[in-house]
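# Structural overview for review
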Amino acid sequence: MKMPVALLLLLALCNAIKIYGEENDGQCDYKLTLDPRPHSVSITEFGAVGDGKTLNTLAFQNAIFYLKSFADKGGAQLYVPPGRWLTGSFNLTSHLTLFLEKGAVILGSQDPSHWDIVDALPSYGRGIELPGKRYRSLINGYMLLDVVVTGDNGTIDGQGSVWWDWFTSHALNYSRPHLVEFISSEHVVVSNLTFLNAPAYNIHPVYCSNVHIQNISVHAPPESPETVGIVPDSSDNVCIEDCSIAMGHDAISLKSGWDEYGISYGRPTTDVHIRRVHLQSSSGSSVSFGSEMSGGISNVQVGKARLYNSLNGIEFRTTKGRGGYIKEIIISDVELENINMAFSASGDYGSHPDDDFDPKALPIVDQITLKNIIGTNIKTAGNFTGILESPFTNICLFNISLSVSSGSSSSWVCSNIQGFSESVFPEPCPELQSSYSSSS
């Protein structure tokens with residue numbers, strides 16, 4: 001019996017993606033070579049006191065204002081020596097390196113009056129948690145070029161417990177701040193640091209290009225609500241590698257705007273490479289896409305990753321009204337351990353910013369490849385639940401072996417999807433046929 005043309009095309013597409021992934025293997029296209037800055041000052045030269053009690057916001061602001069004068073002279077470095085440096089939010093400048101020495105801890109103030117209030121991001125239209133404005137992040141960059149946040153394993157501690165309590169008790173007037181946020185910036189590096197106890201996100205590049213995040217450790221307690229590690233958002237040429245992240249919610253989450261605001265802003269997240277990472281998520285996913293993805297997410301490669309002790313391993317999230325797309329995603333060479341659900345793709349996830357969204361704005365999920373994956377102590381292999389009016393297409397599974405505790409009979413749940421599988425155990429649902437049959 002001849003194989004239908006549609007199935008032939010699907011097989012060809014999946015095999016092409018499979019070969020492409022093997023050739024590229026998650027290599028980072030973008031890396032920035034760090035040249036030493038010709039000028040350097042210490043934060044102590046501006047009156048900062050590292051006793052964990054003195055507020056040093058003005059010292060950071062004055063130091064960075066002074067270092068702006070070196071932007072056309074090769075840039076400058078702001079050195080933070082060992083100590084506990086309490087501060088509210090402050091802004092960086094172009095051609096700057098913020099360097100935290102070993103034993104240096106930048107502490108976020110637990111007084112909300114020390115955090116500025118700013119407008120919502122245009123691709124979201126409101127704060128992500130509450131309508132209206134939001135708190136500015138602890139360390140910020142806006143329309144910057146060539147900025148580095150690094151150190152000798154220094155620490156940035158958001159002291160987020162008070163923010164988590166306010167969030168849980170609905171006592172916040174504005175959406176919570178992040179630890180480090182870059183907006184509309186290029187050539188950004190974050191490396192060799194530890195991030196602790198973020199109020200919400202830890203590192204949030206939004207509307208950025210050429211971002212390299214390397215060799216960082218990120219941690220928040222399992223009970224911390226909706227805390228997230230790294231969030232590439234409407235950004236391109238992003239490289240994340242050699243990182244260890246354990247969060248209350250998602251470890252790495254890719255986004256690109258929310259409903260009509262993200263559609264209107266129209267900036268996708270694309271050309272993202274993630275490799276050699278160890279990720280843990282207590283109530284969310286080790287790696288998630290969306291659900292705010294209205295500007296589109298494409299050309300993402302994840303490789304050589306260990307995902308462990310998480311509610312979900314890899315998750316694709318969207319819903320009617322989002323618009324946008326998630327496509328051309330290749331995830332390979334992944335170890336899963338102690339995961340409730342290995343793979344998830346949901347077409348009914350998340351809320352809307354307001355009532356002005358277009359319910360006819362249907363998202364597209366297409367060309368998703370998962371390959372060379374081993375899982376142990378997995379409760380459920382996968383749940384792929386697409387949208388009736390816009391099914392998820394070209395879901396390709398290759399060389400996947402999962403040790404599923406609940407048994408193969410209930411390991412997969414599928415609806416409104418189309419795809420292909422080869423060498424997958426447990427055997428996936430009929431919508432992911434591993435071979436052609438007369439019933440296909």
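Cut-offs applied
- Residues numbered from 1 in each chain as written.
- Predicted model: local features only at pLDDT ≥ 70, side-chain atom pairs only at ≥ 80, totals over all residues.
- Heavy atoms only, no water.
- Helix = DSSP H or I, 4+ residues; strand = E, 2+ residues; numbered from the N terminus.
- Buried < 20%, exposed > 50% of the residue type's maximum accessible area, 1.4 Å probe, protein only.
- Contact = heavy atoms within 4.5 Å.
- Salt bridge = Lys/Arg side-chain N within 4 Å of Asp/Glu carboxyl O.
- 1 Å grid on protein atoms, 1.4 Å probe; cavity = no way out; pocket = protein on both sides within 12 Å on 5 of 7 lines; lining within 4 Å.
- Points joined across faces, edges and corners; volume = space filled by probe spheres on them.
- Nonpolar A, V, L, I, M, F, W, Y, C, P; charged D, E, K, R; others polar.
- Core = buried A, V, L, I, M, F, W, Y, C linked by side-chain atoms within 4.5 Å.
- Pairing = 2+ DSSP bridges.
- Disulfide = S-S within 2.5 Å.

Under an unreviewed UniProt entry, the protein has the name Pectin lyase-like superfamily protein and belongs to Melia azedarach.

Attention shifts here to the overall build of the protein. Broken down by element type, the protein carries four helices and 29 strands. Relative to its 440 residues, the protein shows a buried fraction of 57%. Sequence separation of at least 24 residues holds for 77% of the intrachain contacts in the protein that already meet a minimum separation of 6.

Two side chains bearing opposite charge may form a pair once their charged atoms approach each other closely. Enumeration over the complete set of coordinates arrives at 16 salt bridges. Close ionic contact of R276 with D242 constitutes a salt bridge, the shortest N to O distance being 2.6 Å. With a gap of 34 residues between them, R276 in strand β22 (residues 269-281) and D242 in strand β20 (residues 236-247) connect regions that are remote in the sequence. The network of salt bridges with shared partners includes E241, D242, R275 and R276.

Time to look at the layout of surface pockets. Reported here for the largest pocket is a volume of approximately 400 Å³. For the largest pocket, the lining is made up of 22 residues, of which I128, Y201, E226, K255 and E292 are closest to its centre. In the lining of the largest pocket, the residues fall into seven nonpolar, six polar and nine charged. In this structure, the second largest pocket spans a volume of roughly 310 Å³. Taken together, 19 residues form the lining of the second largest pocket, with L121, R134, R136, Y142 and I183 sitting closest to its centre. Listed by contribution, the elements that provide at least two residues to the lining of the second largest pocket are β10 (139-142) and β13 (180-183).

Let's shift gears to the nonpolar core. Membership of the largest hydrophobic core comes to 98 residues, with the highest contact counts inside it found for L92, I156 and F343. If you tally residues by element for this core, the top one is strand β25 (residues 325-346), at nine residues. The contacts of F343, once residues within four sequence positions are left out, are I314, L336, L370, I373, A381, G382, N383, F384, I400, L402 and W412. In this structure, L121, Y124, Y207 and W258 belong to the second largest nonpolar core, which totals six residues.

It is worth spelling out empty space enclosed by the protein at this point. For the structure shown, the criterion picks out one cavity of 30 Å³ or more. Of the voids in this model, the largest cavity is the one considered here, and its volume is about 140 Å³. Residue lining of the largest cavity: 13 residues in total, with L121, I128, R134, H178 and H204 positioned closest to the centre. Taken together, the residues of the lining of the largest cavity sort by class into four nonpolar, four polar and five charged.

Attention now goes to the pairing of strand β24 (residues 297-317). Counted residue by residue, β24 has 17 buried out of 21 residues, so it is predominantly covered. As judged from the nine bridges shared by β22 and β24, these two strands associate in the parallel manner. From the neighbouring strand, R275 faces β24, where its bridge partner is G303. As defined by bridge partners, strand β23 (residues 285-289) adjoins β24 across four bridges and the pair is classed as parallel. Counterpart to S288 in the pairing with β24 is E315. Where β24 and β25 come together, 16 bridges link them in parallel fashion. Of the residues in β25, the one forming a bridge with I314 is F343.

Tallied over the full model, the rule gives one disulfide. Covalent S-S linkage joins C414 and C429, the inter-sulfur distance amounting to 1.7 Å. The sign of the -50° torsion about the S-S bond sets the C414-C429 disulfide as left-handed. Residue C414 is located in strand β28 (residues 412-415), and its partner C429 is located in the segment after β29 (417-425); the two are separated by 15 residues in the primary sequence.

Our next topic: unusual backbone geometry. Looking along the chain, the bond that leaves G290 and enters S291 is cis, with omega of 5°. Among the secondary structure elements, S291 is positioned in the loop between β23 and β24. A cis amide bond links F425 with the next residue in sequence, P426, at an omega value of -5°. Along the chain, the position of P426 falls in the segment after β29. The residue S184 is not glycine, and still its phi comes out positive at about 50°. If you trace the backbone, S184 turns up in the loop between β13 and β14 (186-191). The exposure class assigned to S184 is partly exposed, which follows from its relative accessible area of 28%. The phi angle at N192 is positive, at roughly 55°, despite the residue not being glycine.

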